[in-house]
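Chain by chain, the residues:
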Amino acid sequence: MTTRIDARFAQLAKEGRSAFVTFLMAGDPDPLTSLEIIKAMPKAGADIIEIGMPFTDPMADGPSIQAAGLRALKGGMTLKKTLEMVRAFRKDDNATPLVLMGYYNPIYIYGVDKFLADAKTTGVDGLIIVDLPPEEDTELCLPALKAGLNFIRLATPTTDDKRLPAVLANTSGFVYYVSITGITGAAAADSKAVGEAVARIKRHTDLPVCVGFGIRTPDAARAIAERANGAVVGTALVDAVRGSLDPEGRATAKTVNAVAELAASLAKGVRAARKQAAE
């Protein structure tokens, strides 16, 4: 079965370029504005969109994304509303891959079978669940694959060659390489070290490798895109949302455009990349 993610990477391979992957928190700063921001991403150049599922204890996220999740939760965002946001997006866009990223607890509470059925029906293409290791694949990973969703696994600088086979065993869609040790937004990615890590991962898998954490500028996105199949930007976009809000934390007339303009500049950086031999 070919998913939208598989189709998108096949298309990008023909075009000889890397993917620009955006991350935004569902419901930030409010459900309506959040949907408009996400709808604006493909026109701004996003090839794949990751949508954060708000959670009260986001242990892998830095202050910016934690704050975005809290804004969303304060505004009444739920996992059910996140899925409905995906459904609303799909009314106008049936091509752009959408990946839900977050933690297992909200899915467990929702009910795994119901969640997977609803995710598939609304138009979700893949999942990134940061707190489920390979040893817990029977909880969600294997059922998700059976339901026709890609299950995207994280690899980190501490994932050695002994651990990689377990990490990659049931991974599909792409591998998400975390370029730094620590939380999101904590440091800048080192493109040389990333290139070496991507080459090492590719010795174990034919899947595309996308790199996230520590990418904030068009130049940084270009440098990473030269060494990987995709560059993922989240914190910088979430910060653009926050920076556009009024003193009470509400969306303004500038909010959607502020995020879209930053996304467009980052997309240009990715498209300016020249592919390296490691690719």
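Cut-offs and rules
Sequence positions are assigned chain by chain, starting from 1 and proceeding in written order. The predicted nature of this model means local features are confined to residues of pLDDT at least 70 and side-chain atom pairs, given and counted, to a pLDDT of 80 or more, with totals for whole chains, interfaces and linings taken over all residues. Working from all heavy atoms in the structure, the side-chain values ignore hydrogens and water. Helix and strand definitions follow DSSP, with helices as H or I runs of at least four residues and strands as E runs of at least two, each counted in order from the N terminus. Only C-alpha atoms enter the radius of gyration, while the globule expectation follows 2.2 Å times N to the 0.38, with N the number of residues. Burial status follows relative accessibility: with a 1.4 Å probe on protein chains alone, a residue under 20% of its type maximum counts as buried, one over 50% as exposed, and anything between as partly exposed. The criterion used for residue contact is that any of the two residues' heavy atoms lie within 4.5 Å. What we call a nonpolar core is a set of buried Ala, Val, Leu, Ile, Met, Phe, Trp, Tyr and Cys residues that are connected through their side-chain atoms within 4.5 Å. Each pair of strands is called paired provided DSSP finds at least two bridges between the two strands. Crossover handedness is defined here as right-handed if the route from the first strand over the helix to the second strand goes clockwise, with the strands pointing away from the viewer. What makes a salt bridge here is a side-chain nitrogen of Lys or Arg within 4 Å of a carboxyl oxygen of Asp or Glu, nothing more. Only the stretch in contact is used when a helix axis is fitted, and all axes are lines through C-alpha atoms; the angle between N-to-C directions ranges over 0 to 180 degrees. Angular relationships are summarised with four words: roughly parallel below 35 degrees, roughly antiparallel beyond 145, roughly perpendicular across 65 to 115, and oblique for the angles in between. When residues are grouped by polarity, Ala, Val, Leu, Ile, Met, Phe, Trp, Tyr, Cys and Pro land in nonpolar, Asp, Glu, Lys and Arg in charged, and all others, Gly among them, in polar.

Asks: Got a minute to help me understand the overall build of the protein in this structure?
Replies: Of regular secondary structure, the protein possesses twelve helices and nine strands. A compact globule built from 279 residues should have a C-alpha radius of gyration of about 19 Å, and the protein, at 17 Å, falls within 12% of that. Principal-axis analysis of the C-alpha atoms gives the protein an extent of 50 × 40 × 35 Å. For the protein, the residues scored as buried account for 55% of the 279 residues in total. Within the protein, residue pairs in contact and separated by at least 24 positions form 74% of the contacts whose partners lie at least 6 positions apart.

Asks: Help me understand the environment of Gly123, please; the structure alone is not making it clear to me.
Replies: Among the structural elements, Gly123 can be located in the loop between α6 (112-122) and β4 (126-129). Classification of Gly123 by relative accessible area gives buried; the value is 6%. Taking C-alpha positions, Gly123 is 6.5 Å from Arg90, a pair spaced 33 residues apart along the chain. The residues touching Gly123, leaving out its near neighbours within four places in the chain, are Arg4, Val86, Arg90 and Leu98.

Asks: Help me out: how do you make sense of the nonpolar core in this one?
Replies: A general tendency of soluble globular proteins is for nonpolar side chains to be buried together. Counting 88 residues, the largest nonpolar core has Phe115, Leu127 and Leu140 as its most contacted members. Ignoring sequence-local partners within four residues, the contact set of Leu127 consists of Val99, Leu100, Phe115, Leu116, Leu140, Ala144, Leu149, Asn150, Phe151 and Ile152.

Asks: Teacher, can you tell me more about the pairing of strand β1 (residues 19-25) here?
Replies: Note on strand geometry: in a regular strand, side chains alternate between the two faces of the sheet. Here β1 lies mainly inside the structure; seven of its seven residues are buried. Neither face of β1 is open: one carries Ala19, Val21, Phe23 and Met25, the other Phe20, Thr22 and Leu24, and all of them are buried. Judged from the four bridges that link them, β1 and strand β9 (residues 230-233) form a sheet pairing that is parallel. Pairing of Thr22 across the sheet is with Val233, part of β9. Pairing of β1 with strand β2 (residues 48-52) involves five bridges; the strand directions are parallel. Residue pairing in the sheet places Met25 in a bridge with Gly52 of β2. Each parallel crossover has a hand, and for β1 linked through helix α2 (residues 31-44) to β2 it is right-handed.

Asks: Mind showing me how you'd approach the pattern of salt bridges here?
Replies: Side-chain pairs of opposite charge can arise whenever the charged atoms involved come near each other. Taken as a whole and judged by the stated rule, the model has 19 salt bridges. Here Asp47 ties to Arg271 by a salt bridge, and the two come within 3.5 Å at their closest N and O atoms. Of the two residues, Asp47 sits in the loop between α2 and β2 while Arg271 sits in helix α12 (residues 255-271), which places them 224 residues apart along the sequence. Residue Arg250 is joined to Glu248 by a salt bridge in which the shortest nitrogen-to-oxygen separation is 3.2 Å. Through salt bridges with shared partners, a single network forms among Glu15, Arg17, Asp47 and Arg271.

Asks: Can you walk me through unusual backbone geometry in this structure?
Replies: With glycine set apart, most residues show a phi of negative sign, and most peptide bonds adopt trans. A cis amide bond links Asp28 to the next residue, Pro29, at an omega of 5°. Here Pro29 lies in the loop between β1 and α2. Within the chain, Phe213 stands out as a residue other than glycine whose phi angle is a positive 75°. With respect to the element layout, Phe213 can be found in the loop between β8 (209-212) and α10 (218-225).

Asks: Explanation requested: α10 in the structure shown.
Replies: An α-helix turns once every 3.6 residues. As a result, residues three or four positions apart point the same way. Those residues of α10 that fall on the buried side of the exposure criterion are Ala221, Ala223, Ile224 and Ala225. Packed against the buried residues of α10 are α9 (191-202), β8, β9 and α12.

Asks: Sorry, what's going on with the environment of Pro31 here?
Replies: Of note, Pro31 is situated in helix α2. Remark: the alpha-carbon pair of Pro31 and Gly75, spanning 44 residues in sequence, is separated by 7.4 Å. Discounting residues that sit within four places of it in the chain, Pro31 has contacts with Gly75, Met77 and Met85.

Asks: How should the side chain of Thr3 be read in this particular structure?
Replies: Its place among the elements puts Thr3 in the segment before α1 (4-15). Beyond its immediate sequence surroundings of up to four residues, Thr3 is in contact with Gly148 and Asn150.

Asks: Which parts of the structure should I look at to understand the packing of helix α4 (residues 79-90) against α6?
Replies: Packed helices, taken two at a time, are described by the angle between their axes plus the distance between the axes. For the pair α4 and α6, the least separation of the axes is 8 Å and the interaxial angle reads 20°. In terms of their interaxial angle, α4 and α6 are classed as roughly parallel. Residues Leu79, Leu83, Val86, Arg87 and Arg90 of α4 form the contact with α6, whose own contacting residues are Phe115, Asp118, Ala119, Thr121 and Thr122. Split into classes, the residues belonging to the contact of α4 with α6 amount to five nonpolar, two polar and three charged.

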